[in-house]
Amino acid sequence: MNFLKLTTFFLFFFSFSYLATSIEKCINSICSSNGPVIRFPFKIKSRQPESCGYPGFDLFCTNASQTVLLKLPYSGQFIVQGIDYPTQQIWINDPNNCLPRRLLSFNLKGSPFRGVYNQDFTFFNCSTGNFKEQLTPIVCLSDLKYTIFATSSIIVAKLLTSTSTCKLIATVSVPVQRPFYEQILSSDLSDDLRLTWDEPAGCAKCESRGGQCGFKNDSSLEIVCSNVPHQPVNWQPSRLDEVLL
């Protein structure tokens, strides 16, 4: 084997070895057996290399319950309930089981996420006993002396505002599960928040084809779609299908 052929062989060998190592480092990961699968653009912080995830998509595994946490810059940590990669959607909730409390200061600024559907809800603090039979109370925010309600109905909001026993707390925009074509009289707002992301672009199409989205290499921000199967991908139910059913 002459020098030129030998050099070409070694260049090919080491290039292939580097590529295989890069792919191997970014295999799918989980925090628990019943938790969502974590892959690009997400990565589990401290478990996977930086190149395995897109900026702003860091997730964390808790030591106790092995749940997946997403930390939003201005809103803190939330449990990740599900991720749908082909539609680029994620469902989150409060780890302390009082999502309405978090919604009062919820802010997606500084994150890559936005609500799929947003609905304005107005919170009211009413004296105990008032409207309890007609409206759904938010138990985790209520006390023996008062009850907290949230409504998206302009009529109900006007009614509660006009009474001396109810005080308006705030009106907030909530990333709801599905669009409400009619105003909601009241809600305890315990359902998961449904968010989506627009960047990195192109990964939704890659995922729907059964491919693997990721950076071209460890030192590049170029996104590529690899390992696309030649045969059509068999459809499997996703978190999005559960919402729509």
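*Asks:* Honestly, the overall build of the protein in this entry has me stumped. Any pointers?
*Replies:* Scanning the protein for helices and strands turns up five helices and 12 strands. Here the protein, with 245 residues, has 39% of them falling under the buried criterion. Counted over contacts in the protein with a minimum sequence separation of 6, partners at least 24 positions apart contribute 60%. Just so you have it, the protein exposes about 14600 Å², and 56% of that area is on carbon and sulfur atoms.

*Asks:* Would you mind going over helix α3 (residues 154-162) with me for this structure?
*Replies:* Because the α-helix completes a turn every 3.6 residues, residues three or four places apart line up on one side. Regarding α3, the residues found buried are Val-156, Ala-157 and Leu-160. Here the buried residues of α3 occupy an arc of 100° about the axis, which is enough to place them on one side. Structural note: α3 exposes Ile-154, Ile-155, Lys-158 and Ser-162 on the side pointing more than 90 degrees away from its buried face. In this structure Ser-153 caps α3, since a side-chain oxygen of it lies 3.3 Å from the backbone nitrogen of Ile-155.

*Asks:* Would you mind showing me how to read the pattern of salt bridges here?
*Replies:* Between side chains of opposite charge, a pair can form as their charged atoms come close. For the coordinates displayed, the defined rule picks out eight salt bridges. With its nearest N and O atoms 2.3 Å apart, the salt bridge here joins Lys-43 to Asp-58. In this pair, Lys-43 sits in strand β1 (residues 43-44) while Asp-58 sits in strand β2 (residues 58-61), placing the two residues 15 residues apart along the sequence. Note that Asp-94 is salt-bridged to Arg-102, the shortest N-O span being 2.7 Å.

*Asks:* Can you walk me through the state of the cysteines in this structure?
*Replies:* Throughout this description, disulfide means a covalent bond between two cysteine sulfur atoms. Throughout the structure, instances matching the rule amount to six disulfides. Between the sulfur atoms of Cys-98 and its disulfide partner Cys-140 the distance amounts to 2.1 Å. Across the S-S bond linking Cys-98 and Cys-140, the dihedral sits near 75°, which makes this disulfide right-handed. In this pair, Cys-98 is assigned in the loop between β5 (89-93) and α2 (99-103) and Cys-140 in the loop between β7 (117-127) and β8 (146-151), connecting sequence segments 42 residues apart. Overall, Cys-98 belongs to the buried group, its relative accessible area being 6%.

*Asks:* Honestly, the sheet that holds β5 in this entry has me stumped. Any pointers?
*Replies:* Spatially, β1-β2-β3-β4-β5-β10-β6 is the arrangement adopted by the seven strands of the open sheet, whose pairing is mixed. Sheet topology places β1 and β6 (113-115) at the edges, where each strand pairs with a single neighbour. Relative to strand β3 (residues 68-72), β2 runs antiparallel, the two sharing three bridges. The residue of β3 that forms the bridge with Phe-60 is Leu-69.

*Asks:* How do you make sense of the pairing of β5 when you look at a structure like this?
*Replies:* Sheet faces and side chains relate simply in a regular strand, where the side chains alternate between the two faces. Burial analysis of β5 places five of its five residues in the buried class, the great majority of the element. The antiparallel pairing of strand β4 (residues 76-84) with β5 creates a hairpin that spans four residues between the two strands, and Gln-88 there sits at a positive phi of about 55°. Two elements, β5 and strand β10 (residues 193-197), share four bridges in a ladder whose sense is antiparallel. Pairing of Ile-92 across the sheet is with Leu-193, part of β10.

*Asks:* Before we go on, may I ask you to explain the nonpolar core in this structure?
*Replies:* Within soluble globular proteins, side chains that are nonpolar tend to cluster in buried spots. Counting 35 residues, the largest nonpolar core has Phe-42, Ile-83, Ile-90 and Phe-113 as the members making the most contacts within it. When residues no more than four places from it in sequence are discounted, the contact partners of Phe-113 are Phe-42, Gly-56, Phe-57, Leu-70, Leu-72, Ile-90, Leu-108, Leu-195, Thr-196 and Trp-197. Counting residues in hydrophobic clusters, the runner-up holds eight residues, among them Leu-135, Phe-149, Ala-157 and Cys-166.

What counts and what doesn't
- Residues numbered from 1 in each chain as written.
- Predicted model: local features only at pLDDT ≥ 70, side-chain atom pairs only at ≥ 80, totals over all residues.
- Heavy atoms only, no water.
- Helix = DSSP H or I, 4+ residues; strand = E, 2+ residues; numbered from the N terminus.
- Buried < 20%, exposed > 50% of the residue type's maximum accessible area, 1.4 Å probe, protein only.
- Contact = heavy atoms within 4.5 Å.
- Areas by Shrake-Rupley, 256 points an atom, 1.4 Å probe, with all protein chains shown as cover.
- Arc of directions from axis to C-beta.
- Polar contact = N/O pair within 3.5 Å; in protein donor to acceptor, adjacent residues only side chain to side chain.
- Salt bridge = Lys/Arg side-chain N within 4 Å of Asp/Glu carboxyl O.
- Disulfide = S-S within 2.5 Å.
- Pairing = 2+ DSSP bridges.
- Core = buried A, V, L, I, M, F, W, Y, C linked by side-chain atoms within 4.5 Å.

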